[in-house]
Every structure is written in C-alpha cells, then in structure tokens.
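Tertiary structure, described
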Amino acid sequence: MRFPNKDEVERLRMRYPVGTKIRLGHMADPYAPVPDGTIGEVALIDDAGNIHMKWQNGRSLALIEGVDDFTVIERGAGA
C-alpha cells in the first residue's frame with residue numbers, strides 16, 4: 001500500500017471533516033477489528049491518510065479509505 005500525497009490527504013480531510021459520523025461496514029483488520037455496523041465520529045485525518053475515529057464502543061482504531069468498507073451517515077461541521 002502506498003501513502004497518499006499532500007493533495008490526496010487534503011481531499012480526504014475535505015471529504016471527511018472532523019465530526020463526520022460513519023457506520024462501519026467491515027474493517028480489514030485480521031486481529032482486532034471494530035465490529036461491523038459500529039458507528040463512530042471522525043477525530044482527525046493524519047498525514048498518512050488514516051481516518052482516526054472515536055467509535056461508540058470506546059475503540060479508536062483508524063479507517064483506511066479503499067481498504068475498509070464504511071458509509072458516511074452525517075457530515076461533520078466542516079463539510
């Protein structure tokens with residue numbers, strides 16, 4: 001997997017502003033994924049393009065666009 005460039009990271013930040021609510025379809029983590037259907041809120045997007053989440057079950061595992069399956073259910077304030 002390659003890291004996104006600065007422009008791609010900025011597009012992610014515009015697409016998923018802090019506070020955006022997301023429902024997880026499926027997480028591609030073989031060890032300790034967040035359960036399918038869990039809802040969370042975008043906390044930040046780091047310079048590597050990881051979408052850091054505050055999940056309703058207390059977890060904080062990040063999403064990766066194009067790897068994990070998820071749906072936006074409500075846009076954050078910056079949208």
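For the structure itself, consult the block above.
What you see is a predicted model, and the numbers here were worked out from it, not measured in a lab.

Judged by nonpolar contacts, the single largest core of 13 residues is most densely connected at Tyr-16, Ile-22, Val-42, Ile-51, Met-53, Trp-55 and Leu-63. Among the elements of the structure, β1 (21-26), β2 (39-45) and β3 (51-55) are those that each provide at least two residues to this core. Considering each element in turn, this core owes the most residues, 3 residues, to β3. Excluding residues that lie within four positions of it along the chain, Leu-63 makes contacts with Ile-22, Leu-24, Met-27, Gly-49, Asn-50, Ile-51, Met-53, Trp-55, Asp-68 and Phe-70.

Time to look at the pattern of salt bridges. One pass over the full model with this rule turns up 2 salt bridges. Across the salt bridge formed by Asp-47 and Arg-13, the nearest N and O atoms sit 2.9 Å from each other. Of the two residues, Asp-47 sits in the loop between β2 and β3 while Arg-13 sits in helix α1 (residues 6-15), which places them 34 residues apart along the sequence. Taking the relative accessible area as the measure of exposure, Asp-47 reaches 63% and is therefore exposed. Judged by relative accessible area, Arg-13 falls into the partly exposed class, the value being 29%.

Rules used throughout
Residues numbered from 1 in each chain as written. Predicted model: local features only at pLDDT ≥ 70, side-chain atom pairs only at ≥ 80, totals over all residues. Heavy atoms only, no water. Core = buried A, V, L, I, M, F, W, Y, C linked by side-chain atoms within 4.5 Å. Buried < 20%, exposed > 50% of the residue type's maximum accessible area, 1.4 Å probe, protein only. Helix = DSSP H or I, 4+ residues; strand = E, 2+ residues; numbered from the N terminus. Contact = heavy atoms within 4.5 Å. Salt bridge = Lys/Arg side-chain N within 4 Å of Asp/Glu carboxyl O.

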